[in-house]
Amino acid sequence: MKITGVELRHIAMPLVAPFRTSFGTATSREALLLRVVTDESEGWGECVAMAQPLYSSEYVDGAADALRRFLIPMILNQPEVDGPGVAEALAPVQGHRMAKAALEMGVLDAELRAAGRPFARELGATRDRVPCGVSVGIMDSIPALLDAVDDYLGQGYQRIKLKIEPGWDIMPVQAVRERFGDVLLQVDANTAYTLADARHLAKLDPFDLLLIEQPFDELDIVGHADLARLISTPVCLDESITSAQTAAAALRLGACSIINIKPGRVGGYLEARKIHDLCVANGVPVWCGGMLETGLGRAANIALAALPGFVLPGDISGSNRFYSTDITAPFILDDGYLRVPTGHGLGVEPIADELNAVTVATEWVSA
Ligand code: SMG
Ligand code: MG
């Protein structure tokens, strides 16, 4: 397959409600989509970088720059490209994993559409639907939080994740436990604490949480290993896990006992599968994280989450969790699950009118 060119589309989608985390409040999702055009087909990639470098060092305009100046030209130079060849071709560029992942996703989608093969089967999925969890932002009050959780449980979500930060941690967890009993519950700190908070975080132990996600800085692997010895709540890493190699190191050091796999964060769906395989081999549970994806990234995440090692519900919600209108046919919860798409490639594609309505800028990158 030969790549003819890649269209970069900057989009901005309003969120149905502000989403607050320890690093800020989002009211809209700015993102970058890639339409990869080949001599045989077209494919879609979605870059999960956020508008600002607060969750990770990558950000939308930076990813666009890396793609247009370095990554896409490296792929355009190849006489023949396929999905598995993308990571190797891009290996000389350091970092920029979210940008690389988006390009690999687009090439994979193009290749699989041309070959008539579904993304899920290509990755090794063994299930036809995945259980849905929902990530609940930091709220202004406990009653507001309880209303939100009540609404999500009513929609069928099988697991609740509460965003926490210093000053919003033990109380919201206690309130949700008291009101909703033994619902599957976990928390995500997005690096808001340090090892000095270990004793405070141990106060979460009585609430029987599934896990605490990324309490410390992404580089503080040793700190997480220390914490894991000091609290009984299982430690799960998100931001720290950037590759199969860092996953292996974190496991070896005892820094986590569960891993959140986000394909964008680790450089692509194929690297994500490697981490899945590593964790299965070591008996480590994994789950699929979310980055407020449009229907494109959501379709791919659902395919990944259908692999056998994804034994915990992911941050995989219906389109309406974040968007009143998705750019693809919406994903709608059915009894707390989402169906794995079965069409060729991602099995979904943008609806032209919806895509155009959220497009802020378009640029074409070719040889
Ligand atoms: O897509 O459901 C989703 C969002 C899940 O909380 C979520 N993601 O750290 O896991 C995480 C966050 C990263 C994005 S926060 C703006
Ligand atoms: Mg997280």
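Before any of the text, the structure's been laid out above.
Residues numbered from 1 in each chain as written. Chains lettered and ligands numbered in written order. Predicted model: local features only at pLDDT ≥ 70, side-chain atom pairs only at ≥ 80, totals over all residues. Heavy atoms only, no water.

Quick word on the pattern of salt bridges
Inference 1: Within this structure, the stated rule accounts for 21 salt bridges.
Inference 2: Ionic pairing is found between Arg35 and Glu42, a salt bridge with its closest N-O pair at 2.9 Å.
Inference 3: Taking the relative accessible area as the measure of exposure, Glu42 reaches 37% and is therefore partly exposed.
Inference 4: Of the charged contacts in the structure, one is a salt bridge between Glu363 and Arg68, with a shortest N-O distance of 2.6 Å. You can see Glu363 sitting in strand β13 (residues 359-366) and its partner Arg68 sitting in helix α1 (residues 60-76), a full 295 residues away along the chain.
Inference 5: Each of Arg159, Lys161, Lys163, Asp188, Glu213 and Asp315 takes part in one network of salt bridges that share partners. (Salt bridge = Lys/Arg side-chain N within 4 Å of Asp/Glu carboxyl O. Buried < 20%, exposed > 50% of the residue type's maximum accessible area, 1.4 Å probe, protein only. Helix = DSSP H or I, 4+ residues; strand = E, 2+ residues; numbered from the N terminus.)

Concerning the environment of Pro53
Inference 1: In this fold, Pro53 is placed in the loop between β3 (42-47) and α1.
Inference 2: Look at Pro53 and you get partly exposed, because its relative accessible area is 46%.
Inference 3: Sequence-distant contacts of Pro53, defined by excluding residues within four places in its chain, comprise Glu58 and Tyr59. (Contact = heavy atoms within 4.5 Å.)

Focus: the sheet that holds β13
Inference 1: Taken in spatial order, the four strands make up an open sheet running β3-β2-β1-β13, and their pairing is antiparallel. On the outer flanks of this sheet lie β3 and β13, each paired with one strand and no other. Pairwise comparison of adjacent strand axes, ignoring direction, gives a mean angle of 25° for this sheet.
Inference 2: Against the sheet, α1 touches β1 (3-21), β2 (24-38), β3 and β13, its axis set at about 155° to β1.
Inference 3: Of the strands in this sheet, β1, β2 and β3 are in contact with helix α3 (residues 97-115), which crosses β3 at around 155°. (Pairing = 2+ DSSP bridges. Axes fitted to C-alpha atoms, helices over the stretch in contact; angles between N-to-C directions.)

Overview of the layout of surface pockets
Inference 1: In this structure, the largest pocket spans a volume of roughly 550 Å³.
Inference 2: In terms of lining, the largest pocket is formed by 34 residues, of which the most central are Phe19, Phe23, Ala26, Met50 and Leu292.
Inference 3: At the level of elements, β1, β2, β5 (133-136) and β6 (159-163) are the ones that each hand at least two residues to the lining of the largest pocket.
Inference 4: With seven residues, β2 is the largest single contributor of residues to the lining of the largest pocket.
Inference 5: For the lining of the largest pocket, the residue count by class is eleven nonpolar, eleven polar and twelve charged.
Inference 6: Counting contributing residues, the lining of the largest pocket receives three or more from each of domain 1 (3-116 + 350-366) and domain 2 (121-339).
Inference 7: Approximately 350 Å³ is the volume attributed to the second largest pocket.
Inference 8: Every residue lining the second largest pocket is counted, 17 residues in all, and those nearest its centre are Ala87, Lys100, Val266, Gly267 and Glu271.
Inference 9: Counting residues per element, the ones that place at least two in the lining of the second largest pocket are α2 (83-90), α3 and α10 (269-281).
Inference 10: Of the residues that constitute the lining of the second largest pocket, the class distribution is seven nonpolar, five polar and five charged.
Inference 11: Split by domain, the lining of the second largest pocket shows at least three residues from each of two domains, domain 1 (3-116 + 350-366) and domain 2 (121-339). (1 Å grid on protein atoms, 1.4 Å probe; cavity = no way out; pocket = protein on both sides within 12 Å on 5 of 7 lines; lining within 4 Å. Points joined across faces, edges and corners; volume = space filled by probe spheres on them. Nonpolar A, V, L, I, M, F, W, Y, C, P; charged D, E, K, R; others polar. Domains from an automatic or database assignment.)

Quick look at the packing of aromatic side chains
Inference 1: Within the structure shown, the criterion is met by five aromatic pairs.
Inference 2: An angle of 80° between the planes, with centres 5.3 Å apart, marks the rings of Phe119 and Tyr269 as edge-to-face. Of this pair, Phe119 sits in helix α4 (residues 119-123) while Tyr269 sits in helix α10, placing them 150 residues apart in sequence. In this pair, the class of Phe119 matches that of Tyr269, namely buried.
Inference 3: With a centroid separation of 5.7 Å and 85° between ring planes, the pair formed by Tyr152 and Tyr157 is classed as edge-to-face. For the pair shown, Tyr152 and Tyr157 are each scored as buried.
Inference 4: Following the ring pairs from residue to residue traces out a cluster consisting of Phe19, Phe322 and Tyr323.
Inference 5: Across from the ring centre of Tyr337, 3.4 Å away, lies the NZ or CZ of Arg129, which sits over that ring.
Inference 6: A cation sits over an aromatic face here: Arg159 above Trp287, 5.1 Å from the ring centre. (Phe/Tyr/Trp six-rings, centres within 6.5 Å; stacked < 30°, edge-to-face > 60°. Lys NZ or Arg CZ within 6 Å of the ring centre and 35° of its normal.)

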